[in-house]
Amino acid sequence: MTSPQFWLRITSLLLAWCAASLASAVDGNAEIRAGSMVLIRHALAPGVGDPEHFTLNDCSTQRNLSAEGRAQAVRLGQFFRKLPVPVDAVWSSQWCRARDTADLAFPGLRVDKPAFNSFFGEPDSAPAQTQAAKALMNAWAGKGVLVVVTHQVNITAIAGVVPASGEAVVLGRRDGVWSVTGRFSP
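Read on for a plain summary of the structure. Residue positions within a chain follow its written sequence, with the count starting from 1. Selection of residues for local features in this predicted model requires a pLDDT of at least 70, selection of side-chain atom pairs for listing and counting requires 80 or more, and totals for whole chains, interfaces and linings are taken over all residues. Side-chain measures here rest on the full set of heavy atoms in the structure, leaving out hydrogens and waters.

### Details of the nonpolar core
Step number 1: Grouped together as the largest cluster of nonpolar side chains are 20 residues, with contacts concentrated most on I32, V38, I40, F80, F106, V147 and F184.
Step number 2: Only runs of H or I of at least four residues qualify as helices and only runs of E of at least two qualify as strands under DSSP, and these elements are numbered from the N terminus. Counting residues per element, the ones that place at least two in this core are β1 (37-41), α2 (67-81), β2 (87-92), α3 (96-105), β4 (145-150) and β5 (168-174).
Step number 3: The contact criterion used throughout is that any non-hydrogen atoms of two residues lie within 4.5 Å. For V38, the residues in contact, after removing those within four places along its chain, are I32, F80, V145, L146, V147, V148, A168, V169 and V170.
Step number 4: For this analysis, a nonpolar core means a set of buried residues of the types Ala, Val, Leu, Ile, Met, Phe, Trp, Tyr and Cys, connected via side-chain atoms within 4.5 Å. Relative accessibility decides the category of a residue: with a 1.4 Å probe and only protein chains considered, values under 20% of the type maximum give buried, values over 50% give exposed, and everything between is partly exposed. Of all hydrophobic cores here, the second largest spans 17 residues; its members include A89, F116, A133 and M137.

### So, the packing of aromatic side chains
Step number 1: Here a Phe, Tyr or Trp ring, Trp counted by its six-membered ring, pairs with any other such ring whose centre lies within 6.5 Å, and the pair is stacked when the planes are under 30 degrees apart, edge-to-face when over 60, and tilted otherwise. Throughout the structure, instances matching the rule amount to 6 aromatic pairs.
Step number 2: With a centroid separation of 5.4 Å and 50° between ring planes, the pair formed by F54 and W95 is classed as tilted. Of this pair, F54 sits in the loop between β1 and α2 while W95 sits in the loop between β2 and α3, and the two are 41 residues apart along the sequence.
Step number 3: Our definition puts a charge over a ring when NZ of Lys or CZ of Arg is within 6 Å of the ring centre and also within 35 degrees of the ring normal. The lysine or arginine in question, K113, covers the ring of W91, its NZ or CZ lying 5.0 Å from the ring centre.

### Details of the pairing of β4
Step number 1: Burial runs high along β4: 6 of the 6 residues are buried.
Step number 2: Burial of β4 is two-sided: the residues V145, V147 and V149 facing one way and the residues L146, V148 and T150 facing the other way are all buried.
Step number 3: Strand direction decides the pairing type here: β1 and β4, joined by 5 bridges, are parallel. By the bridge assignment, L39 is partnered in β4 with V148. Two strands qualify as a pair provided DSSP detects at least 2 bridges between them.

The following block contains the structure:
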């Protein structure tokens, strides 16, 4: 039978490991390097999907950022401005909640890229759209960080993770292949 001291030591080691893992996941600094790409799910916009007949260029017909979502976007920008590696480019979905997240976090840097638009309501378009998004990602050759503000379905299709609203998924490229190196939320 194992002694109580053994279990206390194992528990202490597990708690220390969990604390270190959490600190790394929340901080993200060690994971964001020159050449990294960060996929950000737009900040908090309550609800799911969009109304049936929404219009892409009419924000009043879409789900939009809440006050907390706007605050999340501002915190994202503050986090990135503290990094030693500059943000080279910010690509965004054309949905208002993605554009607003990008504009609040990275004023003046947003460039719309339709390949990162949501395909939530059109799952049949997912394979072709994901291929187009990956082609853009693979062609990027910046020296700093590329930030892409997009949607959960896109990030899941590209990186295989399901991010929370406002969560960032960090990707690194090795031998031409992008893979997840970290995640964080502001």
